[in-house]
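Understanding the architecture of this molecule
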Amino acid sequence: MEYSRLKLIWDTNITGIVFMVGSALLQVWLLFCDENSQTWQIMDSLRRTAQSTWQSIWIGLFAEDEFLIKTVGTVAVGLLCFLLANFIFLLIDLTGRPQWIYKYKIQEDRNFPVDRKRAFDVFKTALLNLGVINLFFMVISYPILRWYGTFRCTGPLPSFGELVIHFFVFRILEEFGNYYGHRILHMPQFYKYHKKHHEWTAPIGMVAVYCGPVEHFFGNILPVSAGPFIMKSHLIVAWLWELLVLISVTIEHSGYHIPFLFSAEGHDYHHRTFTSWYGTMAFLDVLHGTDKPFSNTVHGKRQFISCSFTPVKESVPEKMSSKHE
């Protein structure tokens, strides 16, 4: 496999890799650290205090009506998170201010500022999908969740180690569901269900859930909820996962390559060309060769988390990129 394509996988997943490796090292250190040492006792005390505090809050707020917690609670958490995550992006997109953020926009000549009517249509669809469709799904699936024993909201809260393991499984399952589901939706016989999402060739944050109910169910709900369901996760783990996914897809569709945030170059390129970059973690795209149209462009060279306030368009200009290719 070419070095440049391996680097693409690394650059796309660097934050997740650092988090997983760091978490594993911390767990190993705690496992072998001398329990009588002052450092271990301080860390253990902090862990116990944090878990006890969250446990008390959780029991106080959510130990009453399990049905409402799992249905209305789950929907409310996701909807509020998505609206809050998109508030700043939407404000920028509608007003075109502050002007300095324009230098981080990937497609400079598109949607700055965005058409208000189109933005309102996206907003209405987001409310429909995250509010009505998600609530319907949670209500009809509640008997199955209860029978299977997943999304539990009683008993001890998960440990940090359990959280890390669950998130790793979630991420892999979501990538498989997202990639292959996305490829299927691009097949001619199914593209009618995906066409609405691609009305935006220069997406904004809220376009992440701008789609019909069929695509929202098979392309969004199932890949995201598969992990927590299979792992029989605690409800708070499922909620944290839901928040992480909604924030990441908002950034992915934002149309900006902002320093210290996930790169939106890959999915922005997909919306612009309708081909290439069907997943988010890159490894399945590289495995199947669907990364090549993207990775062979200047946008592929910019698929990394920028740790500089210099726009990637300046640090990786088109002429420099073509010399390296």
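Residues numbered from 1 in each chain as written. Predicted model: local features only at pLDDT ≥ 70, side-chain atom pairs only at ≥ 80, totals over all residues. Heavy atoms only, no water.

1. Comments concerning the side chain of glutamate 215
Among the secondary structure elements, glutamate 215 is positioned in helix α6 (residues 213-230). Lacking a salt bridge, the buried glutamate 215 has lysine 196 as its closest oppositely charged neighbour, with an N-O distance of 9.0 Å. Within the local environment of glutamate 215, its side chain forms a polar contact with the side chain of histidine 194, the two groups lying 2.8 Å apart. Those residues in contact with glutamate 215 that lie beyond four places of it in its chain are Leu185, Tyr193, His194, His197 and Asn220. (Helix = DSSP H or I, 4+ residues; strand = E, 2+ residues; numbered from the N terminus. Buried < 20%, exposed > 50% of the residue type's maximum accessible area, 1.4 Å probe, protein only. Lys, Arg positive; Asp, Glu negative; His and termini not counted. Salt bridge = Lys/Arg side-chain N within 4 Å of Asp/Glu carboxyl O. Polar contact = N/O pair within 3.5 Å; in protein donor to acceptor, adjacent residues only side chain to side chain. Contact = heavy atoms within 4.5 Å.)

2. Description of the confidence of the model for the protein
Here the protein averages 85 in pLDDT, and 80% of its residues register 70 or above. Element-level mean pLDDT values for the protein span from 56 in helix α13 (residues 318-324) up to 96 in α6. Confidence drops under pLDDT 50 across residues 321-325; counting only partners more than four residues distant or on other chains, this segment forms 8 contacts. (pLDDT = per-residue confidence, 0-100.)

3. Some words on helix α4 (residues 116-148)
Owing to its 3.6 residues per turn, the α-helix aligns residues three or four sequence positions apart on the same side. With 33 residues, α4 should reach 48 Å at 1.5 Å per residue; the first-to-last C-alpha distance of 45 Å fits that figure. Along α4, the helix axis deviates most sharply at serine 141, where the bend reaches about 50°; the proline proline 143 sits within four residues downstream. N-cap assignment for α4: the residue whose side-chain oxygen lies 3.2 Å from the backbone N of lysine 117 is aspartate 115. A positive backbone phi angle near 85° is found at glycine 149, which sits one or two residues after α4. (Expected span 1.5 Å × (residues − 1). Bend = angle between axes of the 7 residues up to and from the residue.)

4. Structural notes on the packing of aromatic side chains
When we look at a pair of aromatic rings, we describe it by the centre distance and by the angle of the planes. Enumeration according to the criterion identifies 18 aromatic pairs in this entry. Their ring planes at 65° and their centres at 5.7 Å tell us that phenylalanine 137 and phenylalanine 217 sit as a pair that is edge-to-face. Placement of the pair is phenylalanine 137 in helix α4 and phenylalanine 217 in helix α6, with a sequence separation of 80 residues. By relative accessible area, phenylalanine 217 is classed as partly exposed at 28%. When the centroid spacing of 5.8 Å and the interplanar angle of 40° are considered together, the rings of phenylalanine 167 and phenylalanine 170 count as tilted. (Phe/Tyr/Trp six-rings, centres within 6.5 Å; stacked < 30°, edge-to-face > 60°.)

5. Some thoughts on the nonpolar core
One finds Phe82 and Trp200 to be the most contacted residues of the largest nonpolar core, which totals 27 residues. When residues of this core are traced back to their parent elements, those giving at least two are α3 (66-95), α4, α5 (160-185) and α7 (235-253). For this core, the element with the highest residue contribution is α7, accounting for 6 residues. Aside from chain neighbours lying at most four places away, what touches tryptophan 200 is Asn111, Val114, Arg118, Ala119, Val122, Val207, Tyr210 and His271. The next biggest cluster of nonpolar side chains, apart from the first, holds 12 residues, and it includes Ile133, Leu145, Ile221 and Leu235. (Core = buried A, V, L, I, M, F, W, Y, C linked by side-chain atoms within 4.5 Å.)

6. Looking at the pattern of salt bridges
A complete count under the given rule lists 7 salt bridges for this structure. Measuring nitrogen to oxygen at the nearest pair gives 2.8 Å for the salt bridge that ties arginine 171 to glutamate 174. Taken together, the residues span about one helical turn, with arginine 171 and glutamate 174 both in helix α5 at a distance of 3 residues. Given the relative accessible area of 27%, arginine 171 is considered partly exposed. Note that arginine 272 is salt-bridged to aspartate 268, the shortest N-O span being 3.3 Å. Here arginine 272 pairs with aspartate 268, and both are found in helix α8 (residues 265-273), just 4 residues apart, close to one helical turn.

7. Description of the environment of tyrosine 104
Along the chain, tyrosine 104 falls in the loop between α3 and α4. Using a relative accessible area of 5% as the deciding quantity, one classes tyrosine 104 as buried. For the pair tyrosine 104 and glycine 255, spaced 151 residues apart in sequence, the C-alpha to C-alpha distance is 8.6 Å. Excluding its chain neighbours within four sequence positions, the residues that come into contact with tyrosine 104 are Gly255, Tyr256, His257, Ile258, Pro259, Phe309, Pro311 and Lys313.

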